[in-house]
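What follows is the residue order along each chain.
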Amino acid sequence: MRSLVFLLLVALASAKVYQRCEWARVLKNNGMAGYYGISLADWVCLTKWESDYNTKATNRNTDGSTDYGIFQINSRWWCTDGHTTSSNACGIRCSELLTDDVRVAINCAKRVVRDPNGIGAWVAWRRHCQNQDLSSYLSGCNL
């Protein structure tokens, strides 16, 4: 029984790092293609530059907040981590963004783009994806 619990904890603790086309399929299957007018290629580009498709990615910001998960969702505005004063607009714990079950992260990303900043809320999207040819992000994926 102990070894089963240990294996379960190891499985939960390991990060899922998606391959580009695998991640594009997950996004498409979760309704992200065209969500709020945002192309699937935009989402794939954004997450490439934010987390390199890594569900366990974190980044500490100079203002004391932290970005979490594959979308690098910020603790100041979108989730609560117990350290940062947060608006928690997604109504979730930031730790929920670090699991291999990406549905919570996808739903929170959908919430972020419904705000006035839209997808522009992500600096990496503005720097690397906005007004760029993003066809390479879906190339060869057979979507």
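This text gives an overview of the structure that appears in the document. (Residues numbered from 1 in each chain as written. Predicted model: local features only at pLDDT ≥ 70, side-chain atom pairs only at ≥ 80, totals over all residues. Heavy atoms only, no water.)

A few points about the overall build of the protein chain
Here is step 1: A count of helical and extended segments in the protein chain gives five helices and five strands.
Here is step 2: Start at the N end of the protein chain and walk to the C end: the helices and strands fall as α-α-α-β-β-β-β-β-α-α.
Here is step 3: For the protein chain, whose C-alpha radius of gyration is 15 Å, the value lies close to the compact-globule estimate of 15 Å for 143 residues.
Here is step 4: Summarising its shape, the C-alpha atoms of the protein chain cover approximately 50 × 35 × 25 Å along the three principal directions.
Here is step 5: Here the protein chain, with 143 residues, has 42% of them falling under the buried criterion.
Here is step 6: Expressed as a percentage of contacts within the protein chain between residues at least 6 apart in sequence, the contacts between residues at least 24 apart total 54%.
Here is step 7: Per element, the accessible surface of the protein chain, about 8,000 Å² overall, is 50% carbon and sulfur. (Helix = DSSP H or I, 4+ residues; strand = E, 2+ residues; numbered from the N terminus. Rg over C-alpha atoms; globule rule 2.2 N^0.38 Å. Buried < 20%, exposed > 50% of the residue type's maximum accessible area, 1.4 Å probe, protein only. Contact = heavy atoms within 4.5 Å. Areas by Shrake-Rupley, 256 points an atom, 1.4 Å probe, with all protein chains shown as cover.)

Here we look at helix α3 (residues 40-51)
Here is step 1: With twelve residues, α3 should reach 16 Å at 1.5 Å per residue; the first-to-last C-alpha distance of 16 Å fits that figure.
Here is step 2: Here α3 lies mainly inside the structure; ten of its twelve residues are buried.
Here is step 3: Among the residues of α3, L40, A41, D42, W43, V44, C45, L46, T47, E50 and S51 are the ones counted as buried.
Here is step 4: Looking at the packing, one finds that the buried side of α3 touches α2 (20-29), α4 (103-113) and α5 (123-128).
Here is step 5: Residue D52 follows α3 closely and has a positive phi angle near 55 degrees. (Expected span 1.5 Å × (residues − 1).)

These values are about where atoms sit, not about what they do.
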